[in-house]
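So you can see what is in the structure, the chains are spelled out below.
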Amino acid sequence: MDRTTFLARIEEYHMGGWRLALINATSAMSTEEQPGGSFDVVWAFVKDNAFEYLREEIVPGDEVPSISASFPAAFLYENEIRELFGINVTGLNVDLGGQLYKTAKKIPFSPSAIRARLEANAAAGIASASPTPPAGPHGAAHAASSPAPTSAPTAGKTA
Amino acid sequence: MKRTVIPFGPQHPVLPEPIVLDLILEDERVVDAVPTIGYIHRGLEMMVERVEYTEMGFVVERICGICSFMHGMGYCLSLETIMNVEVPDRAKWLRLIWAEISRIQSHLLWLGLGADAFGFENLFMHCWRMREEILDIFEKTTGGRVIHSVNRIGGVKRDVSDAELAAILVRLEELGKAFKKTASVFATDPSIAHRLVGVGVLSPEDALSTASVGPMARASGLATDTRLGGANLYDQIDFQPVVETAGDCLARVAVRLREVEQSIGIIRQAIDKMPKGEGLPLENRPRGNPAGEAFTRLEQPRGEVVYYVKANGTKYLERFRARTPTFANIPAMIQLVKGCELADVPNIILTIDPCISCTER
């Protein structure tokens, strides 16, 4: 991600009087281009009835700048994506040091942790999502442009 | 000055659920607060890996026992957006009515807890007695008092007959009259005012910079209400967001008091406007598996909730995320606690109407 452009766009939202609605991360499994998986991170803002978001694809280890200089309330979301996804957020105004959720398993939503869980499920015969989801709608699919496929694979159903 | 650290929670008389705030004090004044959650983190978002999308709605409802209906509704709305499903009209109106009944229920519950926190036991009991009547309505119409499970992807599972809806309206209007008496105690009692006026003041600028939502933001003069966007038939309802300007604890109480009456008015309009008759379609079940993503925003009793759902064409969703109103209001709560007296901390924390189950999921 281009740090300067990103922070400039965040600051535009701040100056425009938008409210931070959400920072959300989604893990994407490994692909040929990204063997370690990646994260789809969304920064969403609300003003009156408008809802807009910025989206970045982050590779594990990438540095993601904190937006807490513009939106002080971002610290909760940023601590969350750091604890649950292992995303390297830097420059937080409030660093809770991994003590926000105190989950028993550290970084439960990292691509490798998800893959390990799903593979273990498959090995144990527990019905769950497939460790290798279909390539098609992954990433950029949007609701309006992707009708529900009628012959989707029955993922992860073993034995 | 020497600083003392007092852990507030996880168990405290005003906290129905566990959260810890490490309060850093100079004498009796709080100078900083560090939150820790995670005592009831159940990992519900992770369950999309093992629960099929058709059943996940029932898990989502169990995020919280107070907003359960609207959690289920938000999940179904997200899937309906992704799968391009048109929900039958009567189902949409029923959802709106149940959502507003949830709001009354939640506010009455909170008003009771608030009264209990500032030492008004009888007021607490009156609020909760009225809440029981709302739960009776839920039980009669959905079959459940806390977990309703009437939302399905594509509509609702149960119909409520026109006669029953008319009877509910009569019941709610009677409740509204009784509620006026109770509300006047909150609004006029000098000891309550003494405890709440000028305590925990959040300015409109701070409400925006801390990204507050719901009654918290509206009590500070921000006319923010997701329902104003007009989705889910709210464009057909005549209402204005309840706004107070003082920004203190009493203003947050006042917003909720007025919203109870507002919700009864909204239900009245909805029953008047919805299509009448027996056997109208309630469900338009989608086929196949979802592919795509959706953000859904709703105005829950505690404020705006944002759901994010991402589906990849299989039975299992790739991601479900609920950003609940309490999560959004925590930065404001921390800001309010800084600089206040230790004795005011319980009331300040309570007036954001914290729901820790929602926050942690």
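Residues numbered from 1 in each chain as written. Chains lettered and ligands numbered in written order. Predicted model: local features only at pLDDT ≥ 70, side-chain atom pairs only at ≥ 80, totals over all residues. Heavy atoms only, no water.

**Q** Give me the lowdown on the overall build of chain B, citing residues and values where you can.
**A** Scanning chain B from N- to C-terminus turns up twelve helices and eight strands. For chain B, the C-alpha radius of gyration of 21 Å lies close to 21 Å, the compact-globule estimate for 361 residues. Taking the principal axes of its C-alpha atoms as reference, chain B extends roughly 70 × 45 × 30 Å. Nonlocal contacts in chain B, meaning residues at least 24 apart in sequence, comprise 69% of its contacts between residues at least 6 apart. When the accessible surface of chain B is summed, it comes to about 12,600 Å², and 53% of that surface belongs to carbon and sulfur atoms. For chain B, the distance from the average position of its 41 positive side-chain charges to the average position of its 47 negative side-chain charges is 3 Å. (Helix = DSSP H or I, 4+ residues; strand = E, 2+ residues; numbered from the N terminus. Rg over C-alpha atoms; globule rule 2.2 N^0.38 Å. Contact = heavy atoms within 4.5 Å. Areas by Shrake-Rupley, 256 points an atom, 1.4 Å probe, with all protein chains shown as cover. Lys, Arg positive; Asp, Glu negative; His and termini not counted. Charge placed at Lys NZ, Arg CZ, Asp CG, Glu CD.)

**Q** Talk me through the packing of helix α4 (residues 121–142) of chain B against helix α5 (residues 162–188) of chain B; I want residue IDs and the actual numbers.
**A** Residue and element names in this part refer to chain B. As a packed pair, α4 and α5 sit with axes 11 Å apart at the nearest point and diverge in direction by 170 degrees. As summarised for this structure, α4 and α5 are arranged roughly antiparallel, according to the angle between their axes. Judged by the sense of rotation from one axis to the other, the crossing of α4 with α5 is left-handed. Contact with α4, carried on its side by L123, H126, C127, M130, E133, I134, D136, I137, K140 and T141, involves E164, I168, R171, L172, L175, F179, T182, V185 and F186 of α5 and no other residues of that element. Across the contact of α4 with α5, the residue classes tally to eleven nonpolar, three polar and five charged. (Axes fitted to C-alpha atoms, helices over the stretch in contact; angles between N-to-C directions. Parallel < 35°, antiparallel > 145°, perpendicular 65-115°, else oblique. Left-handed = near helix turned anticlockwise from the far one by under 90°. Nonpolar A, V, L, I, M, F, W, Y, C, P; charged D, E, K, R; others polar.)

**Q** Give a detailed account of the state of the cysteines, specifying residues and quantitative values.
**A** Structurally, a disulfide amounts to a covalent bond that connects the sulfur atoms of two cysteines. Applying the stated rule across the entire model yields zero disulfides over all chains. Residue C249 of chain B stays outside any disulfide, its sulfur separated by 9.0 Å from that of C340 of chain B, the closest cysteine. (Disulfide = S-S within 2.5 Å.)

**Q** Describe the pairing of strand β2 (residues 38–47) of chain A, and please don't skip the residues or the numbers.
**A** The side chains of a regular strand alternate, residue by residue, between the two faces of the sheet. Residue and element names in this part refer to chain A. Judged by how many residues are buried, β2 sits mostly within the fold: nine of ten residues are covered. Taken together, the nine bridges between β2 and strand β3 (residues 50–58) define a ladder with antiparallel strand orientation. Each bridged residue has a counterpart across the sheet, and for K47 the counterpart in β3 is A50. Here β2 hands over to β3 after two residues, with D48 in that stretch at a positive phi of 50 degrees. (Buried < 20%, exposed > 50% of the residue type's maximum accessible area, 1.4 Å probe, protein only. Pairing = 2+ DSSP bridges.)

**Q** Describe the interface of chain B and chain A, and please don't skip the residues or the numbers.
**A** Contact with chain B, which involves 55 residues of that partner, is made by 58 residues of chain A. Here chain B meets chain A over a buried area of about 4,500 Å², counting both sides, of which 59% is carbon and sulfur. Sorting the residues of chain B by area buried against chain A places E49, E293 and F295 of chain B first, and these three jointly supply 13% of that buried surface. The salt bridge partner of E293 of chain B is R55 of chain A, with a shortest N-O separation of 2.8 Å. Inspection of the chain B/chain A interface yields eleven residue pairs in polar contact (both at pLDDT 80 or more). (Buried area = accessible area lost by both parts, 1.4 Å probe. Salt bridge = Lys/Arg side-chain N within 4 Å of Asp/Glu carboxyl O. Polar contact = N/O pair within 3.5 Å; in protein donor to acceptor, adjacent residues only side chain to side chain.)

**Q** I'd love a proper account of the packing of helix α2 (residues 74–85) of chain A against helix α10 (residues 325–337) of chain B, names of residues and values included.
**A** Packed helix pairs are characterised by how far apart their axes lie and by the angle those axes make with each other. Between α2 of chain A and α10 of chain B, the least distance of the axes is 8 Å, while the angle of their chain directions is 125 degrees. One element, α2 of chain A, and the other, α10 of chain B, form an angle in the oblique class. Between α2 of chain A, through F75, L76, Y77 and E80 of chain A, and α10 of chain B, the contact on the second element is made entirely by F327, A328, I330, P331 and I334 of chain B. Considered class by class, the residues forming the contact of α2 of chain A with α10 of chain B number eight nonpolar, no polar and one charged.

**Q** I'd like a rundown of the sheet that holds strand β1 (residues 3–8) of chain B, residues and numbers included.
**A** Residue and element names in this part refer to chain B. Sheet architecture is open: three strands sit in the order β1-β2-β3, paired in antiparallel fashion. The open sheet has two edge strands, β1 and β3 (29–36), and neither has a second partner. Going across the sheet, the axis of each strand differs from the next one's by a mean of 20 degrees, ignoring polarity. Relative to β3, strand β2 (residues 20–26) is paired through seven bridges, and the arrangement is antiparallel. By the bridge assignment for β3, V20 is matched with T36. This element, α10, spans β2 and β3 of the sheet and lies at about 155 degrees to β3.

**Q** Lay out the nonpolar core with the relevant residues and their values.
**A** Ranked by size, the top nonpolar core spans 162 residues in total, and within it W43 of chain A together with Y75 and F320 of chain B carry the most contacts. What Y75 of chain B contacts, discounting residues up to four positions off in sequence, is Y53, M56, G57, V60, I153, L317 and F320 of chain B. (Core = buried A, V, L, I, M, F, W, Y, C linked by side-chain atoms within 4.5 Å.)

**Q** Break down the sheet that holds strand β1 (residues 19–28) of chain A for me, with residues and values.
**A** All names here are of chain A. Spatial strand order, β1-β2-β3: three strands in an open sheet with antiparallel pairing. In the strand order of this sheet, the two ends are held by β1 and β3, each with one partner. Across this sheet, the average inter-strand angle for adjacent strands is 20 degrees, counted without regard to direction. The sheet strands contacting α2 are β1 and β2, and the helix crosses β1 at an angle near 10 degrees.

**Q** Summarise the side chain of E318 of chain B; cite the residues concerned and give the values.
**A** All names here are of chain B. Note on placement: E318 falls in strand β8 (residues 317–323). No salt bridge is formed by the buried E318, whose closest oppositely charged neighbour, K310, lies at an N-O distance of 4.0 Å. Among the polar contacts made by the side chain of E318, one reaches the side chain of N312 at a distance of 3.2 Å.

**Q** I'd like a rundown of unusual backbone geometry, residues and numbers included.
**A** Of note, the phi angle at I107 of chain A is positive, near 45 degrees, even though the residue is not glycine. Along the polypeptide, I107 of chain A turns up in the loop between β5 (88–90) and α3 (111–124). Judged by relative accessible area, which is 35%, I107 of chain A ranks as partly exposed. Phi is positive for L233 of chain B, close to 75 degrees, though the residue is something other than glycine. Relative to the assigned elements, L233 of chain B resides in the loop between α8 (215–218) and α9 (249–273). The exposure class of L233 of chain B is buried, given its relative accessible area of 8%.

**Q** Any chance you could break down the packing of aromatic side chains for me, citing the residues and the numbers?
**A** Scanning all chains against the criterion turns up 18 aromatic pairs over all chains. Grouped by ring-pair contacts, the aromatic residues Y13, W18, F45 and F71 of chain A constitute a single cluster. Directly above the aromatic system of W128 of chain B lies the positively charged group of R131 of chain B, at a separation of 5.5 Å from the ring centroid. Above the ring of F327 of chain B, the side-chain terminus of R321 of chain B is found at 5.6 Å from the ring centroid. (Phe/Tyr/Trp six-rings, centres within 6.5 Å; stacked < 30°, edge-to-face > 60°. Lys NZ or Arg CZ within 6 Å of the ring centre and 35° of its normal.)

**Q** Explain helix α1 (residues 3–15) of chain A to me, using residue names and the numbers behind them.
**A** Residue pairs spaced three or four apart in an α-helix point in one direction, given the helix's 3.6 residues per turn. Residues and elements named next belong to chain A. With 13 residues, α1 should cover 18 Å at 1.5 Å per step; its first-to-last C-alpha distance of 18 Å lies within 8% of that length. Those residues of α1 that fall on the buried side of the exposure criterion are F6, I10 and Y13. The buried residues of α1 occupy one face: seen down the axis, they fall within an arc of 50 degrees. Along α1, exposed side chains directed more than 90 degrees from the buried face belong to T4, E12 and M15. Packing partners of the buried residues in α1 comprise β2, β3 and β4 (63–65). If you check the start of α1, you find a side-chain oxygen 3.2 Å away from the backbone N of T4, and it comes from D2. Positioned one or two residues after α1, G17 has a phi angle of 80 degrees, which is positive. (Expected span 1.5 Å × (residues − 1). Arc of directions from axis to C-beta.)

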